[in-house]
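Residue-level structure breakdown
Spelled out from the first residue to the last, the chains are:
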Amino acid sequence: MRFNDAIIGGILIVFALVAGYATRDFPQIPGQSYGAALFPRLLCGGFAICGLLLILSGRRQRAARGPWLDLDGWARTLSGPLTLAITVGGVVFYILVSEWLGFIPTAFLMSAALLLRLRGRWVSSLAIAAIVTLAIHQIFYGLLLVPLPWGVLEPLVF
């Protein structure tokens, strides 16, 4: 499935505007001429510029009689949209349950579901999901000090 670049560019500009608006309450850093919102706003500006460039590219595509949406072979079968639904559903699942369930169980379930869908082998899919989940947790929680939710594993934290 391929969308015209103008559609993706418009979505990117809307994202940049929403994300930029979300930085309005970021605090100022005392003694500095810039605050915590500077770098997110710079990124939003970059997203908006990329979105504008995509819109211009999409207009050229459309002028050449390109379609707004081109369905590839994978989108015409049940398999492709099912994989896409599992991916998007996994993100929604993480948003809804990660605080209660915790990062490790949630990420493991997401990874395992997607790997089982793509690979179909139970033992290797579950092993890869476990290894990847623990590696991501170690990178973000251990090295980058990102506070990931523990959820049901809170009693096991020492």
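As a reminder, the structure under discussion sits directly above these lines.
Summary of the structure given here.

Thresholds applied
- Residues numbered from 1 in each chain as written.
- Predicted model: local features only at pLDDT ≥ 70, side-chain atom pairs only at ≥ 80, totals over all residues.
- Heavy atoms only, no water.
- Helix = DSSP H or I, 4+ residues; strand = E, 2+ residues; numbered from the N terminus.
- Rg over C-alpha atoms; globule rule 2.2 N^0.38 Å.
- Buried < 20%, exposed > 50% of the residue type's maximum accessible area, 1.4 Å probe, protein only.
- Contact = heavy atoms within 4.5 Å.
- Areas by Shrake-Rupley, 256 points an atom, 1.4 Å probe, with all protein chains shown as cover.
- Lys, Arg positive; Asp, Glu negative; His and termini not counted.
- Charge placed at Lys NZ, Arg CZ, Asp CG, Glu CD.
- Phe/Tyr/Trp six-rings, centres within 6.5 Å; stacked < 30°, edge-to-face > 60°.
- Bend = angle between axes of the 7 residues up to and from the residue.
- Patch = residues over 30% accessible without salt bridge, like charges linked within 9 Å, V, L, I, M, F, W, Y side chains within 5 Å.
- Salt bridge = Lys/Arg side-chain N within 4 Å of Asp/Glu carboxyl O.
- Core = buried A, V, L, I, M, F, W, Y, C linked by side-chain atoms within 4.5 Å.
- Expected span 1.5 Å × (residues − 1).

1. Some remarks on the overall build of the protein chain
- When you go through the protein chain residue by residue, the secondary structure sums to five helices and two strands.
- Starting at the N terminus, the α and β elements of the protein chain follow one another as β-α-α-β-α-α-α.
- For 158 residues, the compact-globule estimate of 2.2 N^0.38 gives 15 Å, and the protein chain exceeds it by more than 25% at 21 Å.
- With the principal axes as the frame, the protein chain shows a C-alpha extent of 60 × 60 × 25 Å.
- For the protein chain, the residues scored as buried account for 23% of the 158 residues in total.
- Taking as baseline every contact in the protein chain between residues at least 6 positions apart, the subset at least 24 positions apart corresponds to 61%.
- For the protein chain, the accessible surface area stands at approximately 11100 Å², while carbon and sulfur atoms represent 74% of it.
- Within the protein chain, the 6 negative side-chain charges are centred at a point lying 12 Å from the centre of the 11 positive side-chain charges.

2. Here's the deal with the packing of aromatic side chains
- This structure, assessed with the given rule, holds three aromatic pairs.
- Ring plane angle 65° and centroid distance 5.5 Å describe the contact between F15 and F47, whose orientation is recorded as edge-to-face. Taken together, the positions of F15 in helix 1 (residues 5-22) and F47 in helix 2 (residues 38-63) put the pair 32 residues apart, joining distant regions of the chain.
- The exposure class assigned to F15 is partly exposed, which follows from its relative accessible area of 45%.
- With a relative accessible area of 32%, F47 lands in the partly exposed category.
- Considering the side-chain rings of Y94 and F103, the 6.2 Å spacing of their centres and the 80° angle between planes classify their relative orientation as edge-to-face.
- Assessed through its relative accessible area of 10%, F103 is described here as buried.

3. Section: the environment of G58
- Among the structural elements, G58 can be located in helix 2.
- Taking relative accessible area as the criterion, G58 reaches 0% and is therefore assigned buried.
- Each C-alpha atom of the pair G58 and L17 lies 20 Å from the other, and the pair is 41 residues apart in sequence.
- In this structure G58 touches N4, D5 and A6, once residues within four positions along its chain are discounted.

4. Concerning helix 3 (residues 79-101)
- Its maximal kink placed at I95, helix 3 deviates by approximately 40°.
- Among the residues making up helix 3, those that are buried are G80, T83, G90, V97, S98 and L101.
- Where helix 3 is buried, its residues touch helix 4 (103-119).
- Count one or two residues on from helix 3 and you reach G102, which has phi positive near 105°.

5. Some points on the side chain of T23
- Following the sequence through the fold, T23 ends up in the loop between helix 1 and helix 2.
- Note on T23: relative accessible area 3%, which makes it buried.
- Each residue touching T23, except ones within four places of it in the same chain, is listed here: A37, P40 and R41.

6. Structural notes on a nonpolar patch on the surface
- Side chains of I128, V132, I136, I139, F140, L143, L144 and V146 sit close together on the surface and give an oily, nonpolar patch of about 650 Å² of accessible area.
- Since its relative accessible area comes to 63%, L143 is described here as exposed.

7. Describing the nonpolar core
- Counting five residues, the largest nonpolar core is built from F103, I104, A107, L148 and W150.
- Residues contacting F103, with those up to four places away along its chain left out, are Y94, S98, T133, I136, H137, L148 and P149.

8. Observations concerning helix 4
- An ideal rise of 1.5 Å per residue puts 24 Å on 17 residues; helix 4 measures up with 23 Å between its terminal C-alpha atoms.
- Of all the positions in helix 4, only F103, I104, P105, T106, A107, A112 and L115 are classed as buried.
- Contacts made by the buried residues of helix 4 are with helix 3 and helix 5 (122-143).
- Downstream of helix 4 by a residue or two, G120 has a phi angle that is positive, lying close to 80°.

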